[in-house]
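Notes for the structure review
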Amino acid sequence: DQQVKQNSPSLSVQEGRISILNCDYTNSMFDYFLWYKKYPAEGPTFLISISSIKDKNEDGRFTVFLNKSAKHLSLHIVPSQPGDSAVYFCAANVLGGSNYKLTFGKGTLLTVNP
Amino acid sequence: DVKVTQSSRYLVKRTGEKVFLECVQDMDHENMFWYRQDPGLGLRLIYFSYDVKMKEKGDIPEGYSVSREKKERFSLILESASTNQTSMYLCASSLGQVNTEAFFGQGTRLTVV
């Protein structure tokens, strides 16, 4: 059973416009959510995170929104740049877990066209 | 900067071989993880360790084992490599007891022929 779902395998956006990547989760015990970015042949790099006590976190061009009642989070990139083209993974962590393992979604390939 | 280093970027092994993938982190992190990434399947957890000599199975441990004899080093072992273990393998580490991000190595692309 997939606990973290990214239902869009790919997204294409024009440079300068907003990119919105979505993520849904089923486990209500998740209390910490992260977004990672991955280029081909490289390891994922951390982008931004949000705790369940917040509904928004912003870092430069990147904003993550969390809707706990809907079990939904989204990553907004404004403005999108060609260098943002990568696979984006949503990840979540279990409340009270002692080992802090991350559960990942399948990823969304973002392509930003010049 | 946190550094997680995987011993090889690319490996080609034959079916039936025993394969060792090594990972070292330099930030004194308690938690270490091994994931594999496959197209359309995302990142799947194979094994993780939250302390020296401690290990726990992830979602897909079959065909793999791990070793953590020192805090900074976490090894993934394929006892008898098979073609369905061809994949990108990613090691990660994170600080224990707090909610924080995991840091990943650069990945090892393993091909089993």
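Note that the structure is a prediction, hence the values are computed from the model and not measured.

Focus: the overall build of chain A
- From N to C terminus, chain A includes zero helices and 11 strands.
- Mapped in sequence order, the helices and strands of chain A form the string β-β-β-β-β-β-β-β-β-β-β.
- Taken over C-alpha atoms, the radius of gyration comes to 14 Å for chain A, in line with the 13 Å a tight globule of 114 residues would show.
- Dimensions along the principal axes, computed over C-alpha positions, put chain A at roughly 45 × 30 × 20 Å.
- Taking the intrachain contacts of chain A between residues at least 6 apart in sequence as the baseline, contacts between residues at least 24 apart amount to 55%.
- For chain A, the separation between the mean place of its 11 positive charges and that of its 9 negative charges on side chains is 4 Å.

Section: the environment of A:F33
- Structurally, the position occupied by A:F33 is in strand β4 (residues 30-38).
- Those residues in contact with A:F33, other than ones at most four positions away along the chain, are A:Y25, A:I48, A:S49, A:I50, A:L66, A:L73, A:A91 and A:A92.

Looking at the nonpolar core
- Residues A:F33, A:W35, A:L73, A:L75 and A:Y88 are the most contacted members of the largest nonpolar core, which totals 23 residues.
- Elements represented by at least two residues in this core include exactly β3 (19-25), β4, β5 (45-51), β7 (62-67), β8 (72-77), β9 (86-94) and β11 (108-113) of chain A.
- Among the elements that make up this core, the one with the highest residue count is β9(A) (four residues).
- In this structure, A:L73 is in contact with A:L21, A:N22, A:C23, A:Y25, A:F33, A:W35, A:V64, A:F65, A:L66 and A:C90, ignoring residues within four places of it in sequence.
- Residues B:V4, B:W34, B:V66 and B:L78 belong to the second largest nonpolar core, which totals 20 residues.

Let's talk about the state of the cysteines
Residues and elements named next belong to chain A.
- In the structure shown here, the tally under the stated rule is two disulfides over all chains.
- A sulfur-sulfur distance of 2.1 Å marks the disulfide that ties C23 to C90. Of note, the bridge from C23 to C90 carries an S-S torsion of about -75° and is left-handed in sense. Taken together, the residues span a long stretch of sequence, with C23 in strand β3 and C90 in strand β9 at a distance of 67 residues.

Things to note about the sheet that holds strand β1 (residues 4-5) of chain A
Residue and element names in this part refer to chain A.
- Ordered in space as β1-β3-β8-β7-β6, the five strands form an open sheet in which the pairing is antiparallel. Since the sheet does not close on itself, it has two edges, and those belong to β1 and β6 (56-59), each with one partner.
- Pairing geometry for β1 and β3, over two bridges, is antiparallel. Within β3, the position partnered with V4 by the bridge is Y25.

Cut-offs applied
- The numbering scheme is per chain: residues are counted from 1 as the chain's sequence reads.
- Lettering of chains starts at A and numbering of ligands starts at 1, both following the order in which they are written.
- Local features in this predicted model are restricted to residues of pLDDT 70 or higher, and side-chain atom pairs are both shown and tallied only at a pLDDT of 80 or more, whereas totals for entire chains, interfaces and linings draw on every residue.
- Side-chain numbers come from the whole structure's heavy atoms, not from hydrogens or water.
- The way it works is that DSSP assigns letters per residue, a run of H or I at least four long becomes a helix, a run of E at least two long becomes a strand, and they are numbered from the N terminus.
- Here the radius of gyration uses the C-alpha set of atoms, whereas the globule reference equals 2.2 Å times the residue count to the power 0.38.
- Only heavy atoms enter the contact rule, under which two residues are in contact if any of them lie within 4.5 Å.
- Positive charges come from Lys and Arg alone, negative charges from Asp and Glu alone, with His and the N- and C-terminal ends not counted.
- By convention, the charge on Lys lies at NZ, on Arg at CZ, on Asp at CG and on Glu at CD.
- Put simply, a nonpolar core is a bunch of buried Ala, Val, Leu, Ile, Met, Phe, Trp, Tyr and Cys residues held in one set by side-chain atoms that sit within 4.5 Å of each other.
- Three exposure classes are used, based on accessible area relative to the maximum for each residue type with a 1.4 Å probe and protein chains only: buried under 20%, partly exposed in between, and exposed over 50%.
- Disulfides are defined as pairs of cysteine sulfur atoms found within 2.5 Å of each other.
- At least two DSSP bridges between two strands are needed for those strands to be called paired.

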